[in-house]
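For reference, the chains in residue letters:
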Amino acid sequence: MKKCLAIALLMSGATLAHAQLPALIQRDPEIAGMVQEVSPDSLKSYIETLVAFDTRHTLSTQKDPKKGIGAAREWVAAKFRQFALRSNGRMTAFVDTITYLPDGRRVDVPVNLGNAMAILKGTDPDDKRIFLITGHLDSRVTDVSNRTSTAPGANDDASGCAAVIECARVMSSHAFPATVIFVTVSGEEQGLLGARFLANKARDQHWELEAVFNNDIVGSNNSNETNIINNTQIRVFSEGLPAYRLDSVANMIRQQGLENDGKARQLARYVKETGERYVDNLQVVMIYRNDRFLRGGDHSPFVENGFAAVRLTEMNENFYHQHQDLRTENGTEYGDLVKFMDFEYLRKNTALNLANLANLAKAPSMPREVTIEVAGLGNSTTLHWKAPLHGKIKGYYVLLRESANAYWQKKFFTTADSMKLPYSKDNYFFAVQAVGTDGNESLPVVPKVAGRR
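Procedures and definitions
- Residues numbered from 1 in each chain as written.
- Predicted model: local features only at pLDDT ≥ 70, side-chain atom pairs only at ≥ 80, totals over all residues.
- Heavy atoms only, no water.
- Buried < 20%, exposed > 50% of the residue type's maximum accessible area, 1.4 Å probe, protein only.
- Helix = DSSP H or I, 4+ residues; strand = E, 2+ residues; numbered from the N terminus.
- Pairing = 2+ DSSP bridges.
- Core = buried A, V, L, I, M, F, W, Y, C linked by side-chain atoms within 4.5 Å.
- Contact = heavy atoms within 4.5 Å.

1. What to know about the pairing of strand β9 (residues 309-314)
Piece 1. A large share of β9 lies buried, amounting to six of its six residues.
Piece 2. Side chains Ala309, Arg311 and Thr313 of β9 all project onto a buried face; the interleaved residues Val310, Leu312 and Glu314 project onto the opposite face, where all are buried too.
Piece 3. Of the strand pairs in this sheet, strand β6 (residues 208-215) and β9 are connected by four bridges, and their pairing is parallel. Along β9, the bridge assignment pairs Phe213 with Val310.
Piece 4. Here strand β7 (residues 233-237) runs beside β9; their pairing, made up of four bridges, is antiparallel. Counterpart to Phe237 in the pairing with β9 is Arg311.

2. Quick look at the nonpolar core
Where a protein is soluble and globular, its nonpolar side chains tend to be buried together.
Piece 1. Core analysis: the biggest nonpolar cluster contains 71 residues, and Ile47, Phe80, Met171, Phe182 and Phe213 have the highest contact counts within it.
Piece 2. Per-element accounting of this core gives the leading share, 11 residues, to helix α10 (residues 343-362).
Piece 3. Those residues in contact with Ile47 that sit more than four places away from it in its chain are Ala154, Ala158, Ser159, Ala162, Val338, Met341, Phe343 and Leu346.

3. Overview of the sheet that holds strand β12 (residues 368-372)
Piece 1. Strand order in the open sheet made by the four strands is β16-β13-β12-β18, with mixed pairing throughout. Each edge of the open sheet carries a strand with a single partner, namely β16 (418-421) and β18 (448-449).
Piece 2. Relative to β16, strand β13 (residues 381-386) runs antiparallel, the two being bridged by four bridges. Looking at the pairing, Thr382 lines up with Lys420 of β16.

Okay, structure coming up:
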């Protein structure tokens, strides 16, 4: 075995003159410490408080201080302000509102639509990158228009909101070069209204929004019908072909075979690698759909506006506890109640989000103008790139995978701005990441063809 490895290294030495063996990827001690701070008790307390508002339906009361969507979003904003006291002035919190008019579908009266937000400003004034985590604050029962019945929404989606709140709590006392935004959106059940409002704002204000993590139903470990119990896996949904300006890039995608390498799919791979690095006993399962079959979530408006966005959801949904009136029928209890939650599982799923947010916010920005040479025929591949605009780097990873493989299989480290690899571009896909001085990696960049648009 050792002899074979030595031969492989000798054979690759001539073409990897600037490369080293793939570096041992270690946990950043700061991020590892933050992951350990995530508390199942804190998550449970957030969810119990949100459930205690009785209903968080988007059209529910906004005047009652103890009931309804208005009280719920003000409580979340207050928690964010509490955490901001630990941030040395970097974090601000508020409720971002618009008046949404009746739409003839799921909104029949004018409504003050509000997203509770906290912004943890980056320390580098020249670095405008933003990373965003969301969960939806509103809840519902069987009738999506019923705004008065008790709708606990413990898992759908107080679990996602709890993940957002806990990430804000832990990250508020840490500093990152880039900006992180924590938001609990309203109106998901009425048609992704709050998320669309925010995504459109990000587009219109030209945010450098590089990644969106949408957490929706992330806190229960079992399914109905199949009766599967599983708290060691979580799904990450990502689109294949881009929903944004597909007509203008379709020919390039077909020519280069990049149907599986869009922004969302690259982010999903990053979530899997980084999350599994930091969170023990949790496997990230990539689902090659933008969302569950014929369904949608709050990441979709961001995808439609050209941003990299994914949805994280528990492995096995229980539909007895989702979109249900509270009742018991034939011995089966229906309703989205706290007692059906698994808070250790939610802790791991929250830590998955935190590790990814922190790794991205600490990392340099992506390398620029990544290209692949195509002049002449050959069985090697040469890549070139330029340094990122922001962040201190120690080098780059060149990533490689076989064309039919879902994940990056190899990483080659270099401090140069180009690399020649003894792998044919006919058979492999490539990408380049910038690596910071603490080992944090940027998102990968798939190369464009040199000399072509």
